[in-house]
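What the coordinates show
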Amino acid sequence: MYEGVNASEGIGIGTVMVAVDPDLSFEAHQVDDPAAEKERYQAALSVFCEKTQAQADHMKETVGEAEAEIMSGHILLAQDPGMTDQINGMIDGGSCAEQALVETSTMFENMFLSMDDEMFRLRAADIADIRTGILAELLGKEVIDLSVLPADTVIAVHDLTPSMTATIDHEHVAGIVTETGGRTSHSAIIARALEIPAVLSVPGICSALANGMTCIVDGTKGVVVPDPDEETLNGYRERAAALVAEKEALEAFRGKESVTADGIKKIVAANIGSPDDVEAALAHDAEAIGLFRSEFLFMDAKELPSEEDQFKAYRTVAEALKGAPVIIRTLDVGGDKAIPYLNMQEEENPFMGYRAVRYCLDNADQYKVQLRALLRASAFGDVKIMVPLVTCVEEIRQVKVLVEECKAELDAQGVAFNRDIEVGIMMETPAAANIADLLAKESAFFSIGTNDLTGYTMAADRGNDRVGYLYSWYYPAVLRSIKNIIESGVAAGIMVGMCGEAAADPLLDPLLISWGMEEFSMSAPSILRARKTISQWTKAEADELAERALACATAEEVKAVLEAAAR
Amino acid sequence: MVSDKATLVNPQGLHMRPAGLFASTMGKFASDVTIVAPDKEVNGKSPMALMAAGIPCGTEVEVRADGPDEQEALAAAIELIKSGLGE
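These numbers come from a predicted model, not from an experiment. (Residues numbered from 1 in each chain as written. Chains lettered and ligands numbered in written order. Predicted model: local features only at pLDDT ≥ 70, side-chain atom pairs only at ≥ 80, totals over all residues. Heavy atoms only, no water.)

Description of the pairing of strand 12 (residues 325-329) of chain A
Residues and elements named next belong to chain A. To keep it simple, the criterion reads: Remark: exposure states derive from per-residue accessible area (1.4 Å probe, protein chains only) relative to the maximum for the residue type, with buried under 20%, exposed over 50%, and partly exposed in between. Here a strand is any run of E in DSSP of at least two residues, a helix any run of H or I of at least four, and the numbering for each starts at the N terminus. By definition, two strands form a pair when at least two bridges between them are found by DSSP.
For strand 12, the buried fraction is high: four of the five residues fall into the buried class. Across three bridges, strand 11 (residues 289-293) lies against strand 12 in parallel orientation. Residue phenylalanine 292 lies in a different strand from strand 12, and its bridge partner there is isoleucine 328. Relative to strand 13 (residues 382-387), strand 12 runs parallel, the two being bridged by five bridges. Residue pairing across strands places isoleucine 327 opposite lysine 384, the latter belonging to strand 13.

Structure, rendered in structure tokens:
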């Protein structure tokens, strides 16, 4: 089994075809007749452009307008007068067309690679693709052709270029595996548009796979299983069939409101880790962002991200949501999340140590940079600030003092922000659960972080095999904590949501409905399923089930009651 | 040679689509078209050069046109930039 980037979801099972790049090596030589050589280059360029135009036309019909534009862009770049002038200049100086093309295009490629903006860096891949195409024409070689394939083919290729994807015989492709590329590469975008399961960036996969071999591509988990045994194969076949059936049934909930069977309005939101995840969240029909983890900004950096960089990231998400709520969690450092440049000391017990709001309040100047960036972004959408790991009233009060200081500073500078920005608490400690009534008076909203709440309440690390069985929200201790948090929030008239994995648990959802929870936030692919679960329960039915579940003494009994009632 | 100024309003600067539109429109004119940003000059008919220049949103650029149809080329260029290059 091999692991890679889960770039396009779904399960594909098929026969492997390893596509090998053509040999485009050549001997650089001096030319005696530059005029003829320039003509040879122009001829190759024209053929390349004709073929690319045909691919773009084909793509417009099979994939879509936006994807076809990538190919039209290739023609524009290939005919770029800046590049052509330089190539002609080199040929005049005696270089052969191949050499002139490779050197010139590599120079442009490197220029794009050195740019800060991801979007420009992607252009480097386009230039490499154009170079391959024109070079193949010059050398009379065929580039990889995926336009006619046998049914159920799993394509293994070093790098799936836009031109390959353009002509791909997509109805016969079961899955795609590559050795390079990320979630934002063209290959990933096109694989998702074509709904072909894809796992990218699997090192050495082309040598590990052989033509004719059966292979499973699990694009949801990012796993490739070459030559599976019968049992594995059958397991995946069942999962694939179930996935397809479920997906089709869930489409009925797209674009609909999230309401209980008796018409109580709920919000189903997405958890995201970076602005890049917004697209998928919206594609899965998220109504809001219930948790935006801000750590990515800090973990991907070599030093503290500036107020401007943070502002840009938060603003991008706020604008993309067009006025729908975006709950951004302030830096949750420590515990299992280390950030090297913060030089935090190693601790005996990091989960009970210097982390999250504790670190932030102790480094108030750093924290205020983030708070100011959040306030500034609030001028561009419904941004809400969420404070992690609160255990006492003092902490949320101190954060609010800092927020007020930041507001005064921004006012002094004449910078716009939402004066009524909500500051809420991520409820994830037993301490917070016990004083939920007191915290509700200080907080604009609650969002229950069930991952840490379960771990701290049961004093069990889910990663520890010997105690992992205790990590379950079906234990009465955890259920009572969740109930108390929701009911305290509802009594105080504030919004209560949940952003832990439990929010997407169809067994737990009726209990959350019974206690009055309003917002369910989860990873994007779970959204439609959660909306369906919510639609299947009335408040009265959920109340009856909740009463029975709370009467149970053990997690096993709770789970049995919930499973028996599952819809 | 004629010239005029306009401010780039594209939020993500000159990426593929706007640069492509600008260069292909300018390609229809016989005149040479140059974009002058504060610290660089680039060929207005080259989408690669336009993108590689990395001119950010909000920059005031000068457009120079030189050739038989320079007036028309300049007018078209200024209007395109002001209108947000199709975005």
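There's plenty left to go through after this.
Focus on the packing of aromatic side chains
Residues and elements named next belong to chain A. Formally: Note on aromatic contacts: the rings of Phe and Tyr and the six-membered ring of Trp form a pair at centre separations within 6.5 Å, being stacked when their planes are under 30 degrees apart, edge-to-face when over 60 apart, and tilted otherwise.
Scanning the entire structure with this criterion turns up four aromatic pairs over all chains. A centroid spacing of 6.0 Å and a plane angle of 20° characterise the contact between phenylalanine 292 and phenylalanine 296, whose relative ring orientation is stacked. Its relative accessible area of 0% is what places phenylalanine 292 among the buried residues. Here the aromatic rings of phenylalanine 292 and tyrosine 314 are separated by 6.0 Å at their centres, their planes lie at 80°, and the arrangement is edge-to-face. Taken together, the positions of phenylalanine 292 in strand 11 and tyrosine 314 in helix 12 (residues 307-320) put the pair 22 residues apart, joining distant regions of the chain. Among the aromatic side chains, those forming a connected cluster through ring pairs are Phe292, Phe296 and Tyr314.

Focus: the pairing of strand 8 (residues 223-226) of chain A
Along a regular strand, successive side chains alternate from one face of the sheet to the other. All names here are of chain A. Residues Val223 and Val225 of strand 8 are buried on one face, and the alternating residues Val224 and Pro226, pointing to the opposite face, are buried as well. Sheet topology places strand 1 (residues 2-3) next to strand 8; two bridges connect them, and they run antiparallel. Across the sheet, tyrosine 2 pairs through a bridge with valine 224, a residue of strand 8. Of the strand pairs in this sheet, strand 7 (residues 214-218) and strand 8 are connected by four bridges, and their pairing is antiparallel. Bridge assignment links aspartate 218 to a residue of strand 8, and that residue is valine 223. Between strand 7 and the antiparallel strand that follows it, strand 8, lie four residues; glycine 222 among them carries a positive phi value of about 80°.

Quick look at the nonpolar core
As a reminder of what qualifies: The term nonpolar core refers to a set of buried residues drawn from Ala, Val, Leu, Ile, Met, Phe, Trp, Tyr and Cys, joined through side-chain atoms within 4.5 Å. Whether two residues touch is decided by their heavy atoms; if any such pair falls within 4.5 Å, the residues are in contact.
The biggest cluster of nonpolar side chains holds 98 residues, and the ones touching the most others in it are Ile289, Leu439, Phe446, Ile482, Leu511 and Leu512 of chain A. Looking at this core element by element, the count peaks at seven residues for helix 15 (residues 393-413) of chain A. Once residues within four sequence positions are removed from consideration, phenylalanine 446 of chain A is found in contact with Ile425, Met427, Ala436, Leu439, Ala440, Ile485, Gly489, Ile494, Met495, Val496 and Gly497 of chain A. Formed by 61 residues, the second largest nonpolar core is a distinct cluster that contains Ala124 and Ile127 of chain A together with Met26 and Leu85 of chain B.

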